[in-house]
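# Architecture at a glance
The lines below spell out each chain.
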Amino acid sequence: MTRISIVTITYNAAAVLAPTLESVRMQHYADVEHIIVDGASTDGTVAMAEQYRDSNDPDASGHTIVVQSEPDKGLYDAMNKGLRIVTGEYVVFLNAGDRLADADTLVRVAEAAGNGSDGVPPAVIYGDTDIIGSDGQFLRHRRLSPPDKLTWRSFKYGMLVCHQAFYARTDIACKEPYDTTYRFSADVDWCIRVMKAAASMNVPLYRARGVLALYLEEGQTTMHHKESLRERFDVMRRHYGL
């Protein structure tokens, strides 16, 4: 089976973490590694993550759960820590408050992993995203939606694939760590660089069926919208020119 690694970054996230953990726990797909990288939270986040880990029966679920808590230098530093310890063939970042769309999400991702050409797994598996409120209720489909044929040039028109619906092949992802000079938009830069690396290797990207991620509306980027846009402009300029 294709092992799928999910990395969840947390910091004082006890109020929103439980639904994220439950969305992974309920997956029908067995070969899952869930890594929780915590930034030394002072609320109940670590206890919640450890209870989730300790209640897991890996023989029954097929899930491996790792909890790491220590100070970090921000969101993208924590994501790089996650990249350094993942063991799956694919990695996705699912932050506290966000959720996998349904119990068959990873089944669909694994099916897509088998659809590479000439036996070569796709460099990226991607799909759609829905926006949810703090109560988990559907609010709307994400305004930007991914094309059937995605390339690194596609992001010139905006981040067409949500970070939480972007499953990167780990061997490629680990060679492209997040640029920690960005505070809010390193995920855009990272996705583009992963897709550029895929293009240089002539490895295709593949769209999975349906919605893969449920994105909590009030995330970090939403709360720091102006700063995020400034950074995003710099990312776009670096990759596509003025």
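See above for the structure.
Right, let's walk through the structure included here. This structure is a prediction, so every number in the text was calculated from the model and none was measured. (Residues numbered from 1 in each chain as written. Predicted model: local features only at pLDDT ≥ 70, side-chain atom pairs only at ≥ 80, totals over all residues. Heavy atoms only, no water.)

## Examining the environment of Glu-217
- Following the sequence through the fold, Glu-217 ends up in the loop between strand E9 (205–216) and helix H8 (220–223).
- Take Glu-217: its relative accessible area is 27%, and that puts it in the partly exposed class.
- When the C-alpha atoms of Glu-217 and Asp-130 are compared, they prove to be 9.6 Å apart, with 87 residues separating the residues in sequence.
- For Glu-217, the side chain forms a polar contact with the side chain of Arg-140, separated by 3.0 Å. (Helix = DSSP H or I, 4+ residues; strand = E, 2+ residues; numbered from the N terminus. Buried < 20%, exposed > 50% of the residue type's maximum accessible area, 1.4 Å probe, protein only. Polar contact = N/O pair within 3.5 Å; in protein donor to acceptor, adjacent residues only side chain to side chain.)

## Regarding the side chain of Ser-185
- Looking at the secondary structure, you find Ser-185 in the loop between helix H6 (170–173) and helix H7 (186–201).
- Take Ser-185: its relative accessible area is 0%, and that puts it in the buried class.

## Description of the packing of aromatic side chains
- By the definition in use, this model includes six aromatic pairs.
- Each ring, one from Phe-93 and one from Trp-190, has its centre 5.8 Å from the other, and the planes form 85°; the classification is edge-to-face. One end of the pair, Phe-93, is in strand E4 (residues 90–93); the other, Trp-190, is in helix H7, with 97 residues separating them in the sequence.
- On the accessibility criterion, Phe-93 (1% relative accessible area) is buried.
- Linked through ring pairs, Tyr-76, Phe-93, Phe-166, Tyr-178 and Trp-190 together constitute an aromatic cluster.
- Geometry around Trp-152 places Lys-196 over its ring, the cationic atom sitting 4.6 Å from the centre. (Phe/Tyr/Trp six-rings, centres within 6.5 Å; stacked < 30°, edge-to-face > 60°. Lys NZ or Arg CZ within 6 Å of the ring centre and 35° of its normal.)

## Considering the pattern of salt bridges
- On inspection of all chains with the given rule, the structure shows 15 salt bridges.
- Close ionic contact of Glu-176 with Arg-193 constitutes a salt bridge, the shortest N to O distance being 2.8 Å. With Glu-176 in the loop between H6 and H7 and Arg-193 in helix H7, this pair connects stretches of sequence that are 17 residues apart.
- Arg-193 gets classed as buried once you look at its relative accessible area, which sits at 17%.
- One salt bridge connects Arg-193 with Asp-189, and the closest N-O pair in it is separated by 2.8 Å. Taken together, the positions of Arg-193 and Asp-189, both in helix H7 and four residues apart, correspond to about one turn of that helix. (Salt bridge = Lys/Arg side-chain N within 4 Å of Asp/Glu carboxyl O.)

## Focus on the pairing of E4
- Side chains Tyr-90 and Val-92 of E4 all project onto a buried face; the interleaved residues Val-91 and Phe-93 project onto the opposite face, where all are buried too.
- Bridge analysis of strand E1 (residues 4–10) against E4 gives four bridges, and the strand direction is parallel. Considered in E4, the bridge of Ile-6 is made with Val-92.
- Where E4 lies against strand E8 (residues 166–169), two bridges are found, and the strand directions are antiparallel. Residue pairing across strands places Val-91 opposite Ala-168, the latter belonging to E8. (Pairing = 2+ DSSP bridges.)

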